[in-house]
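In case you want the letters, here they are:
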Amino acid sequence: MSTLKPKHRPFCFSVKGHVKMLRMALNVTSMTFFIIAQAPEPYIAIAGFEVTIIFFFIILYILRLDRLIDFLFWPLLDIINSMVAAIFMIIISVLALLPETTTFIVLGGVFGLLTAVCCIADGVLIYRKLLFNPSGPYQKRTIHDKI
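Residues numbered from 1 in each chain as written. Predicted model: local features only at pLDDT ≥ 70, side-chain atom pairs only at ≥ 80, totals over all residues. Heavy atoms only, no water.

Chemist: Would you take a moment to explain helix α5 (residues 103-132) for this structure?
Modeler: Residues three or four positions apart in an α-helix share a direction because the helix packs 3.6 residues into each turn. An ideal rise of 1.5 Å per residue puts 44 Å on 30 residues; α5 measures up with 43 Å between its terminal C-alpha atoms. Those residues of α5 that fall on the buried side of the exposure criterion are Ile 105, Gly 108, Gly 109, Gly 112, Thr 115, Ala 116, Cys 118, Cys 119, Asp 122, Gly 123 and Ile 126. Looking at the buried side of α5, the elements it contacts are α1 (15-36) and α4 (74-97). (Helix = DSSP H or I, 4+ residues; strand = E, 2+ residues; numbered from the N terminus. Expected span 1.5 Å × (residues − 1). Buried < 20%, exposed > 50% of the residue type's maximum accessible area, 1.4 Å probe, protein only. Contact = heavy atoms within 4.5 Å.)

Chemist: Even after reading the chapter, I still don't get α4, so can you show me in this structure?
Modeler: In this model, α4 (24 residues) spans 34 Å end to end at C-alpha, consistent with the 34 Å of a helix rising 1.5 Å per residue. Of all the residues in α4, the buried ones are Trp 74, Pro 75, Asp 78, Ile 79, Asn 81, Ser 82, Ala 85, Ala 86, Met 89, Ile 92, Ser 93 and Ala 96. The secondary structure elements touched by the buried residues of α4 are α1, α2 (41-62), α3 (65-68) and α5.

Chemist: I tried to follow the packing of aromatic side chains on my own but got confused; where do I start?
Modeler: Describing an aromatic ring pair means giving the distance of the ring centres and the angle of the ring planes. This structure, assessed with the given rule, holds seven aromatic pairs. Pairing Phe 34 with Tyr 43 gives two aromatic rings, centres 5.3 Å apart and planes at 50 degrees, and the pair type is tilted. Like Tyr 43, Phe 34 is buried. Aromatic pair Phe 57 and Trp 74: ring centres 6.3 Å apart, planes at 85 degrees, arrangement edge-to-face. Residue Phe 57 is located in helix α2, and its partner Trp 74 is located in helix α4; the two are separated by 17 residues in the primary sequence. Here Phe 57 matches Trp 74 in class, with each residue buried. Site record: aromatic cluster; members linked through ring pairs are Phe 56, Phe 57, Tyr 61 and Trp 74. One cation-aromatic arrangement involves Lys 16 over Tyr 61; the distance from NZ or CZ to the ring centre is 4.0 Å. (Phe/Tyr/Trp six-rings, centres within 6.5 Å; stacked < 30°, edge-to-face > 60°. Lys NZ or Arg CZ within 6 Å of the ring centre and 35° of its normal.)

Have a look at this one:
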């Protein structure tokens, strides 16, 4: 008697899902500290924008829309988003930590740096999946393969 192995692991239970949800939680925490401390608006705006984009990617992967909308190469967009988000979060976190500021702005900066680390880890995970598993789910098929 053989047990059937599931074809795919649900996004919420994958390593990529855990990293993306941790990234969102850290980013929401950073944004919350910036809001409480009444930090400059660019800090709050960038953190809020990143929360929105991360939420979009989480919903995209949970609903498996990346399989349905196949004219876009979602892993590449996700890697670019992770790297741009890491750069932005490093910049606003360092700017929040440099001057003598309130405790909440410092906490927002620290959580922003942790978010940047998670952004880099998220991008590396997706890149490694593309690099070491090119025949996996992200492989593009030509029209000749369908015939």
